[in-house]
Amino acid sequence: MRTNFKLLMMRSTASKLSLGIAFTFSVIIGFAQTTNKLNVVTTAVPFLRISPDARTGGMGDLSVATSPDANSGFYNLAKIPFNESQSGVGVTYTPWLKDLGLNDVYLASLAGYYKFDENQAINASVRYFSLGNIQFTDNLGNDLNSFRPKEFGIDVGYSRKLSDKMGIGVGLKYIYSNLAGGAAVNGSNYKAGTAVAGDLGFYYEGKNDIGTGWAFGAALTNLGSKIAYTDNADQKDFIPANLGFGTTYTKVFDEQNKIMFGVDVNKLLVPTPPADPATQQQLDDYRKQGVVNSWFSSFSDAPGGFSEEMKEFQFSIGGEYWYNNQFALRTGYFWEDATKGNRKYFTMGIGIKYNIFGLNFSYLIPSGSGVNRNPLSNTLRFSLLFDLDGQNSGTTSDQ
């Protein structure tokens, strides 16, 4: 990939410096309907918003209240003690934006948990986002240096049951983002950005003895500091703090057949940018907002008022069918308002579980054509799961 070094480095904010945004979310935003005036809520390190496992990817990113598995720590820590196996590990690889001809951009993740007893567990995970090789050029098109931007997040967490049906979880994460390789332009030294954040989760499982019933979940994720790529204190950017609610219903028909379906609602706890055209004072006020204040103001600061605030909610609807607890079929739909990014897509997936091993695959169904084609079309995810103790494997797990 090639980009203009001067233009890249003149960007004052991490959300515009980030090639992850440029090739992940800004590209997608560019495919929004041109008849709608865009006012998209953007953040740094947007890779934290990508679902890092194939099971969730196959259900339209449904995740907050689904049955637990080894990857639950990415979405809702409170689900982890409800895993039936004592420990588990999940590994996922996702080629990213292959539909745009990018062959060296990918997201990889590794997650695991361990239960001390029936009531408490610890977990750890890492997700790594590689943005491929970037050839920087000057404003005349002459080659300068090349660099491979990369970002990663490391999570650790603790969760416990409050009762047989209710659990909570807390976690910490370290975020690292190196996008410019230490370059210096116009007196500014661009460095790797770092941030710390926390997660909170709640889960309620109301299923009966045979596994039929409702489950509910809520999760606050990425609640943390701003991130900076220079020493300029006024040029720090928000990370994607998020509030998510979800519910699922599982119906067990017999020993061989069961189905689960549900819905998630998500809202970024990040300030809405001032409407374009914005004054310099409005931009300065936007950037100077404190982190904690921004979480609360994100529900009331949209320039268009309540009607625009409602457009900032994202929805995931998905379902999963299991046969004999060994073979799964999944499908889902993700929806985002046209003025807030216009990500809309259907997904599908399959899962196979045998003994201690599980394999999941998901596919994002192509949509649109020409300039309106969804750049996430044909996205594939591959996940491998292990129940390390083997308890109940192949008979009861929903992984």
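Everything quoted here is computed from the prediction, not taken from an experiment.

Okay, the overall build of the protein next. Across its full length, the protein carries eight helices and 21 strands. When burial is assessed residue by residue, the protein has 54% of its 399 residues classed as buried. The contacts in the protein between residues at least 6 apart in sequence include a share of 64% that link residues at least 24 apart. Here the protein displays about 17100 Å² of accessible surface, and carbon together with sulfur accounts for 60% of that area.

For the structure shown, the criterion picks out eight cavities of 30 Å³ or more. Roughly 420 Å³ of volume is contained in the largest cavity. Contributing to the lining of the largest cavity are 24 residues, with L48, R49, Y75, N242 and N266 lying nearest its centre. Where the lining of the largest cavity is concerned, the elements lending two or more residues are β12 (213–224), β15 (242–252), β16 (257–268) and β17 (313–323). The greatest single-element share of the lining of the largest cavity, amounting to three residues, is contributed by β12. Of the residues that constitute the lining of the largest cavity, the class distribution is 10 nonpolar, nine polar and five charged.

Okay, the environment of S109 next. The residue S109 is located in strand β3 (residues 106–115) in this model. Assessed through its relative accessible area of 5%, S109 is described here as buried. Taking the C-alpha atoms as reference, S109 lies 4.1 Å from R127; in sequence the two are 18 residues apart. With sequence-adjacent residues up to four places away left out, S109 is seen in contact with P52, F74, G90, V91, T92, V126 and R127. Engagement of the side chain of S109 in a polar contact is seen with the backbone oxygen of P52, the distance being 2.9 Å.

In this section: the confidence of the model for the protein. Averaged over the protein, the pLDDT score is 86; the fraction of residues at 70 or greater is 85%. This stretch, residues 1–35, has a pLDDT under 50; its non-local contacts, to residues over four places away or in other chains, come to 103 contacts. Every residue in residues 391–396 scores below 50 in pLDDT, and together they form 19 contacts with partners more than four places removed in sequence or on other chains.

Summed over all chains, the structure comprises 18 aromatic pairs. Plain terms: the ring middles of F74 and Y75 are 6.3 Å apart, the flat faces sit at 70° to each other, and that makes the pair edge-to-face. There is no split in this pair, since F74 and Y75 are both buried. Three or more aromatic residues link up through ring pairs in this structure, and these residues are Y204, W214, F216, Y249 and F261. The lysine or arginine in question, K161, covers the ring of F82, its NZ or CZ lying 4.8 Å from the ring centre. The residue whose ring lies beneath K267 is F299, and the NZ or CZ to ring-centre distance is 5.1 Å.

Turning our eyes to something else, we now look at the nonpolar core. Of all hydrophobic cores here, the largest spans 23 residues; its most connected members are V45, F47, W96, F129, I175, I227 and I239. Not counting residues up to four positions away in its chain, the partners in contact with V45 are E151, I175, S177, I227, Y229, I239 and P240. One finds A70, Y113, A121 and L385 within the second-largest nonpolar core, a separate group that totals six residues.

Quick look at the pattern of salt bridges now. Here the structure, examined in full by the defined rule, presents 16 salt bridges. Ionic pairing is found between D231 and K191, a salt bridge with its closest N-O pair at 3.1 Å. Residue D231 is found in the loop between β13 (227–228) and β14 (236–237), and its partner K191 is found in the loop between β10 (188–189) and β11 (193–205); the two are separated by 40 residues along the sequence. Judged by its relative accessible area of 66%, D231 is exposed. You can call K191 partly exposed: its relative accessible area is 37%. With a shortest N-O distance of 3.5 Å, D237 and R287 are connected by a salt bridge. In this pair, D237 is assigned in strand β14 and R287 in helix α6 (residues 280–288), connecting sequence segments 50 residues apart. The residues D237 and R287 share a single accessibility class, namely buried. Each of R55, D69, E320 and R330 takes part in one network of salt bridges that share partners.

You will see that D61, though not glycine, has its phi angle at about 75°, which is positive. The residue D61 is located in the loop between α5 (54–57) and β2 (87–95) in this model. Here L97, not a glycine, exhibits a phi torsion of approximately 60°, which is positive. Inspection of the secondary structure puts L97 in the loop between β2 and β3.

Reading guide: rules and limits
- Residues numbered from 1 in each chain as written.
- Predicted model: local features only at pLDDT ≥ 70, side-chain atom pairs only at ≥ 80, totals over all residues.
- Heavy atoms only, no water.
- Helix = DSSP H or I, 4+ residues; strand = E, 2+ residues; numbered from the N terminus.
- Buried < 20%, exposed > 50% of the residue type's maximum accessible area, 1.4 Å probe, protein only.
- Contact = heavy atoms within 4.5 Å.
- Areas by Shrake-Rupley, 256 points an atom, 1.4 Å probe, with all protein chains shown as cover.
- 1 Å grid on protein atoms, 1.4 Å probe; cavity = no way out; pocket = protein on both sides within 12 Å on 5 of 7 lines; lining within 4 Å.
- Points joined across faces, edges and corners; volume = space filled by probe spheres on them.
- Nonpolar A, V, L, I, M, F, W, Y, C, P; charged D, E, K, R; others polar.
- Polar contact = N/O pair within 3.5 Å; in protein donor to acceptor, adjacent residues only side chain to side chain.
- pLDDT = per-residue confidence, 0-100.
- Phe/Tyr/Trp six-rings, centres within 6.5 Å; stacked < 30°, edge-to-face > 60°.
- Lys NZ or Arg CZ within 6 Å of the ring centre and 35° of its normal.
- Core = buried A, V, L, I, M, F, W, Y, C linked by side-chain atoms within 4.5 Å.
- Salt bridge = Lys/Arg side-chain N within 4 Å of Asp/Glu carboxyl O.

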